[in-house]
Protein chains: 2
Amino acid sequence: MNSSRVVPVSLGAASYEIRIAPTSLGSIAECADWWKGSSQAVIITDANVEVPYARQVAEALAEDLEVHLLVVDPGEPSKSTATAVALWECLLETGIDRKTVVLAVGGGVIGDLAGFIAATFARGLPFVQIPTSLLAQVDSSVGGKVGINLPAAKNIVGAFWQPRGVLIDPDVLETLPPREYQSGLAEVVKYGVIQDVEFFAWLEGNAQPINARENGPLVHAIARCCELKAEVVAEDEREVTGHRAILNFGHTFAHAIETVTEYGQFLHGEAVAIGMVQAAQLAERMGRVDAEFTSRLKQLLTIFDLPTVAPAGLDTDELISAMSRDKKVEAGQVRFVLPTKLGHVELTSDVAEEDLRAILQTRG
Amino acid sequence: MNSSRVVPVSLGAASYEIRIAPTSLGSIAECADWWKGSSQAVIITDANVEVPYARQVAEALAEDLEVHLLVVDPGEPSKSTATAVALWECLLETGIDRKTVVLAVGGGVIGDLAGFIAATFARGLPFVQIPTSLLAQVDSSVGGKVGINLPAAKNIVGAFWQPRGVLIDPDVLETLPPREYQSGLAEVVKYGVIQDVEFFAWLEGNAQPINARENGPLVHAIARCCELKAEVVAEDEREVTGHRAILNFGHTFAHAIETVTEYGQFLHGEAVAIGMVQAAQLAERMGRVDAEFTSRLKQLLTIFDLPTVAPAGLDTDELISAMSRDKKVEAGQVRFVLPTKLGHVELTSDVAEEDLRAILQTRG
């Protein structure tokens, strides 16, 4: 079965393709149209992904390009100003030119970091995403958001920088640790909730093969998520109309949980799973959805082995304070993405603090 | 005499206006269309410009906006990664939102630095340029190039980030030190050489009032330079077609001189003046222009009290090595912008090293 898929991302002159194909890493040279005119490539990766994936990409490119492999420490701390400065210095020493293509081979941290470097070195270098985590494949590698963290705020320094192309090889997921894989599934579920009730139902019916990481269903799930995200991004590339905000369903709660637990307890997708349930509970309390909505959501997340309840002991005031420092806040107003039915959400700042507190204090 | 002028910069959805008007700093609130929807403003300036100009802008805005004034050290060292990180941290602490407008009040260093901060904070904030040096008014504030330096390379980290508008008040030039003013005139002369022989002739005829900083001729000169630069930028916003490279006339030589003298001996415009003469001499040696071209150029620069000869003792090999590290180098080829006649230049990489060495060794 040839399960390859191509998802176009329509952004005028910045349009590009997401190519999803098993065993495609080793044949990345076939994507040479993405770096036409380049004589050099810089691969940015981390020590977890370097062997075998980044090396495999480097070897596949070495026939056509002069390849430089830059390896950073794995994990969120590498999305720092210090790492960015070190990479800028490194690119300068390498003697690359303005047509040098930057390839991110790794998860969301690498994609965001490498993309920020590509966006800012020599006022912008061509960029290619090769996401190796499920989360990055269905979310962070699509849409052009790149950036780094400051100690007090994630992703606060960054840019919109669209890649020339995204190459997704589902085979790389075989080596992904279970929690990382499940964390990616939280974002997969999100697309069903916010945009596509049929996809949500398809996930309910295909949860077992998805959990078994079967290639065919996986390619379909990844492609559908990319299509759904591409639709949103095409409509609101730079998050100005407000439409792109629907992608943040569950994320206001999730970011608050991540902040209060100092990013040590939950993977991003795990926090998003809890956050989506909290958003559903808030919507239910406000009479926007019925109890069945919340229970179907919780059930699917549970089948994917994701948490659906915030841990005991989180301070409600601290959570609310973290929400009000989120960079999506505008003129002091915290805005929430709340569902009206499966497949549809809306952005609202019309949430009573009393309701919010009630949800944050809910256990189970 | 009402000497106000408006120069449109046509860049599709990113189009904006350059408004040139005496005594306009104090009435900047009239430009409120540039920050529609903003409730806060951040003014980035340096300690030389803070009083009176940045304070004047802050006061004029304070009726409509919550204004934050951030003051950095004057001079090129502030265009550093360290200052950028400090400003990012500062914006985060200030608690600004995504609609906060960033205003650069200062010379080229401030415009480039503040623009880079605006381009990268929260993935991009609205930006307004209020250039207070002649160089910034006719060159760096137009065209959207923003950035910072690494120790080994100027402007190597940056972005294209178009402002919402540029406000130029020629009155601020009254307090500009003579060398700074003359340095700006080098770029003014450049526009005549590369694009507009009539403007070159007008400068020859109006050199005295320009030297006396008379308001009327000054507004005309600034507006014409902005128009000429805007034409180029509209045709090649992101320096991809090669057309924008004509603005670098004299700059390959100038950057090499600045690098070898460690940016300590010449102001940028002074190095550009010498660089333009060297480019003219190279073109003359290659038979592209006649001796009259070079002598008219030298004469006009001399009237504006600008240097036209490189200092003795610069090492030719070091100069050539600096040129080959310039970020405009592509696939190892140093490219030169050379004139064919007054008002027209062309980009070429077809320069024999022998000719280049001969020019670099010329004294006078």
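Each value, and the rule that gives it
- Residues numbered from 1 in each chain as written.
- Chains lettered and ligands numbered in written order.
- Predicted model: local features only at pLDDT ≥ 70, side-chain atom pairs only at ≥ 80, totals over all residues.
- Heavy atoms only, no water.
- Buried < 20%, exposed > 50% of the residue type's maximum accessible area, 1.4 Å probe, protein only.
- Helix = DSSP H or I, 4+ residues; strand = E, 2+ residues; numbered from the N terminus.
- Pairing = 2+ DSSP bridges.
- Right-handed = clockwise from strand over helix to strand, strands pointing away.
- Contact = heavy atoms within 4.5 Å.
- Buried area = accessible area lost by both parts, 1.4 Å probe.
- Salt bridge = Lys/Arg side-chain N within 4 Å of Asp/Glu carboxyl O.
- Polar contact = N/O pair within 3.5 Å; in protein donor to acceptor, adjacent residues only side chain to side chain.
- Arc of directions from axis to C-beta.
- Axes fitted to C-alpha atoms, helices over the stretch in contact; angles between N-to-C directions.
- Least-squares fit on C-alpha atoms with pLDDT ≥ 70 in both.
- Domains from an automatic or database assignment.

**Quick look at the pairing of strand S6 (residues 127-131) of chain A**
Residues and elements named next belong to chain A.
Here is step 1: S6 sits mainly inside the fold: 5 of its 5 residues count as buried.
Here is step 2: Here strand S5 (residues 101-106) pairs with S6 via 5 bridges, running parallel. Counterpart to Val 102 in the pairing with S6 is Phe 127.
Here is step 3: Considered for its hand, the β-α-β crossover made up of S5, helix H3 (residues 108-120) and S6 is right-handed.
Here is step 4: Bridge count between S6 and strand S9 (residues 165-168): 2 bridges; the pairing is parallel. Pairing of Gln 129 across the sheet is with Val 166, part of S9.

**Brief notes about the interface of chain A and chain B**
Here is step 1: Residue-level contacts link 34 residues of chain A with 34 residues of chain B.
Here is step 2: Across the interface of chain A and chain B, roughly 3000 Å² is buried in total on both sides, 60% from carbon and sulfur atoms.
Here is step 3: Contact with chain B buries surface across chain A, with Trp88(A), Arg98(A) and Arg123(A) losing the most and accounting together for 26% of the total.
Here is step 4: Ionic pairing is found between Glu239(B) and Arg98(A), a salt bridge with its closest N-O pair at 2.8 Å.
Here is step 5: Inspection of the chain A/chain B interface yields 6 residue pairs in polar contact (both at pLDDT 80 or more).
Here is step 6: Contributing elements (two or more residues each) for the side of chain A that touches chain B: helix H2 (81-94), H3, strand S7 (145-150) and strand S8 (153-160) of chain A.
Here is step 7: Residue contributions to the side of chain A that touches chain B peak at 7 residues, all from S8(A).

**Let's talk about helix H12 (residues 316-324) of chain B**
All names here are of chain B.
Here is step 1: Taken together, the buried positions of H12 are Thr 316, Leu 319, Ile 320, Ala 322 and Met 323. Down the axis of H12, the sector holding all buried residues measures 160°, keeping them to one side.
Here is step 2: Where the residues of H12 are buried, they touch helix H9 (251-260), strand S10 (336-341) and helix H13 (353-360).
Here is step 3: Regarding H12, its N-cap is Asp 315, as a side-chain oxygen of that residue lies 3.0 Å from the backbone nitrogen of Asp 317 further along.

**Re the sheet that holds strand S3 (residues 40-46) of chain B**
Residue and element names in this part refer to chain B.
Here is step 1: If you walk across this open sheet you meet the 7 strands as S1-S2-S9-S6-S5-S3-S4, and the pairing is mixed. The two strands at the open ends of the sheet, each matched to only one other strand, are strand S1 (5-9) and strand S4 (66-72). Direction aside, the axes of adjacent strands within the sheet are offset by 15° on average.
Here is step 2: Here helix H2 (residues 81-94) sits on the sheet and contacts S3 and S4; the angle it forms with S4, its principal contact strand, is near 160°.

**What about the environment of Glu59(A)?**
All names here are of chain A.
Here is step 1: By the secondary structure assignment, Glu 59 is in helix H1 (residues 50-61).
Here is step 2: Classification of Glu 59 by relative accessible area gives exposed; the value is 61%.
Here is step 3: As a C-alpha pair, Glu 59 and Ser 27 span 32 residues in sequence and 10.0 Å in three-dimensional space.

**Comments concerning the side chain of Gln162(B)**
Residue and element names in this part refer to chain B.
Here is step 1: Checked against the element boundaries, Gln 162 lands in the loop between strand S8 (153-160) and strand S9 (165-168).
Here is step 2: Of the residues examined, Gln 162 reaches a relative accessible area of 13% and is grouped as buried.
Here is step 3: Polar side-chain contacts of Gln 162 include one of 3.2 Å to the side chain of Tyr 16.
Here is step 4: A polar atom in the side chain of Gln 162 sits 3.4 Å from the backbone nitrogen of Gly 144.
Here is step 5: Residues contacting Gln 162, with those up to four places away along its chain left out, are Leu 11, Ala 14, Tyr 16, Gly 143, Gly 144, Val 233 and Glu 237.

**Some points on the relation of the copies chain A and chain B**
Here is step 1: For the match of chain A to chain B, the screw axis carries a shift of 0.0 Å, the RMSD comes to 0.0 Å, and the turn is 180°. Both chain copies can therefore be described as sitting about a two-fold axis.
Here is step 2: The overlap is high: 100% of the interface residues of chain A also sit at the interface in chain B, so the same surface is used on both sides.

**Structural notes on the domain arrangement of chain A**
Residues and elements named next belong to chain A.
Here is step 1: Parsing chain A into structural domains produces domain 1 (5-172) and domain 2 (178-360).
Here is step 2: Each of domain 1 and domain 2 has a C-alpha centre, and the two are 26 Å apart.
Here is step 3: Between domain 1 and domain 2, roughly 2500 Å² of surface is buried when both sides are summed, and carbon and sulfur atoms account for 66% of that area.
Here is step 4: Area buried by domain 1 at its contact with domain 2 is led by Leu 134, Val 138 and Phe 160, which between them contribute 25% of it.
Here is step 5: Here domain 1 and domain 2 share 3 salt bridges between them.
Here is step 6: Across the salt bridge formed by Asp 139 and Lys 229, the nearest N and O atoms sit 2.7 Å from each other.

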